[in-house]
Amino acid sequence: MKEYVNVEKLIKIAVMSILSFFMIYAVASKKLQNYVNPRMNIVAIISAVILILIIIFTIPDLKRKKHTIFIKDYVILLIPIILVCVVPYKVYDSEGQASVDSSLSMSSSSDISKNNQDTKKVEQKKSDKKAVNPMVRDGVTWDVSDEAFANSYLRICGDMNFYEGQKIKLKGQFLRTNDFSKSEFVIARMAMVCCAADLQPCGFLCKYNDFSAYKTEQWISVTGTIHVEEYRGEKMPVIHVEKLAKAEAAKDKYIYFNR
């Protein structure tokens, strides 16, 4: 006699198995970070664990007979799986923005704080008129690592005067718009607060005379000096570039202000 198998439960187990696999794979491969903030990793892991537990408790029902089978209720769950397999993978970049205008040159620290007020408060040092930056005093070049870009960005925006005259070296993407002058461009990183939908370029306005060899979104390394200047009615840190060079892309394409 042929052994009975509940097809509905079998499909349910198969769909949940595939979904849990994709969740675990997305976290392990770090591909999930292309779409959502890394803090969502724990949500994906917990979801995968819950699905696995449901699978375990569903296995005994495979041999339980059921007169009415509703396969279509589970087949609809295959839609996200099919989309993952069919839709080509593409890392979201600044080309995906509706427009990249001059506002990308500098987002004020208050704007960043407002976007992150429900996530993590970044401690910012408030200097007074007598405060002296020892790195400026000693002529030390601040070499900003890829991982420290977001934190350094907030520190500089939050206390511009403290970093006046600071020599700095950092890496990012070359961005420029038509309304910039011939000597202006931006070195930026794509910043994510929650998910890919809120990505925005965050970086520093730079001044340099010769950057004709560089293209939009090309990864560059900039070495220069920070000066606080008024730009289109707003005070902001501007890097006067002394050295500009091509660079390797950062391991993590995006930066996160609330990790």
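Residues numbered from 1 in each chain as written. Predicted model: local features only at pLDDT ≥ 70, side-chain atom pairs only at ≥ 80, totals over all residues. Heavy atoms only, no water.

Draft legend 1. The overall build of the chain, seen in detail. When you go through the chain residue by residue, the secondary structure sums to seven helices and seven strands. Moving toward the C terminus, one meets the helices and strands of the chain in the order α-α-α-α-α-α-β-α-β-β-β-β-β-β. Across the 259 residues that make up the chain, the buried fraction comes to 41%. Sequence-distant contacts in the chain: of pairs separated by 6 or more residues, those separated by 24 or more amount to 76%. As displayed, the chain offers around 15300 Å² of accessible surface, 58% of which is attributable to carbon and sulfur atoms. (Helix = DSSP H or I, 4+ residues; strand = E, 2+ residues; numbered from the N terminus. Buried < 20%, exposed > 50% of the residue type's maximum accessible area, 1.4 Å probe, protein only. Contact = heavy atoms within 4.5 Å. Areas by Shrake-Rupley, 256 points an atom, 1.4 Å probe, with all protein chains shown as cover.)

Draft legend 2. Examining the confidence of the model for the chain more closely. Mean pLDDT over the chain stands at 79; residues scoring 70 or higher make up 75%. Taken element by element, the chain is modelled with least confidence in helix α5 (residues 109-115), mean pLDDT 43, and with most confidence in strand β2 (residues 167-175), mean pLDDT 95. For residues 94-129, every residue scores under 50 in pLDDT, and the model assigns this stretch 68 contacts once sequence neighbours within four places are set aside. (pLDDT = per-residue confidence, 0-100.)

Draft legend 3. Quick look at the nonpolar core. If you look at the biggest cluster of nonpolar residues, it comprises 29 residues, and the most contacted ones within it are F185 and I239. Only α7 (149-158), β2, β3 (184-192), β4 (200-207), β5 (219-231) and β6 (234-246) provide two or more residues apiece to this core. Sorting elements by how many residues they give to this core places α7 first, with six residues. In this structure, L175, V186, Y231 and V238 belong to the second largest nonpolar core, which totals eight residues. (Core = buried A, V, L, I, M, F, W, Y, C linked by side-chain atoms within 4.5 Å.)

Draft legend 4. Local environment of helix α2 (residues 41-58). The first and last C-alpha atoms of α2 sit 26 Å apart over 18 residues, in line with the 26 Å expected at 1.5 Å per residue. Each element contacted by the buried residues of α2 is listed here: α1 (7-28). (Expected span 1.5 Å × (residues − 1).)

Draft legend 5. Broad picture of the environment of C202. Following the sequence through the fold, C202 ends up in strand β4. Residues C202 and G172, 30 residues apart in the sequence, show an inter-C-alpha distance of 9.8 Å.

Draft legend 6. Focus on the pairing of β6. As judged from the three bridges shared by β4 and β6, these two strands associate in the parallel manner. Across the sheet, the residue bridging to L205 is V238, located in β6. Pairing analysis gives 12 bridges linking β5 to β6, with the strands arranged antiparallel. Among the inter-strand pairings, S221 is bridged to a residue of β6, identified as A245. (Pairing = 2+ DSSP bridges.)

Draft legend 7. Here's a closer look at the pattern of salt bridges. Applying the stated criterion across every chain yields a total of five salt bridges. When the shortest N-O distance is used, the salt bridge between E242 and K167 registers 3.2 Å. Placement of the pair is E242 in strand β6 and K167 in strand β2, with a sequence separation of 75 residues. For E242, a relative accessible area of 46% puts it in the partly exposed group. A salt bridge links D179 to R232; its shortest N-O distance comes to 3.4 Å. Here the residue D179 occupies a position in the loop between β2 and β3, and R232 occupies one in the loop between β5 and β6, the gap between them amounting to 53 residues. The exposure class of R232 is partly exposed, given its relative accessible area of 49%. (Salt bridge = Lys/Arg side-chain N within 4 Å of Asp/Glu carboxyl O.)

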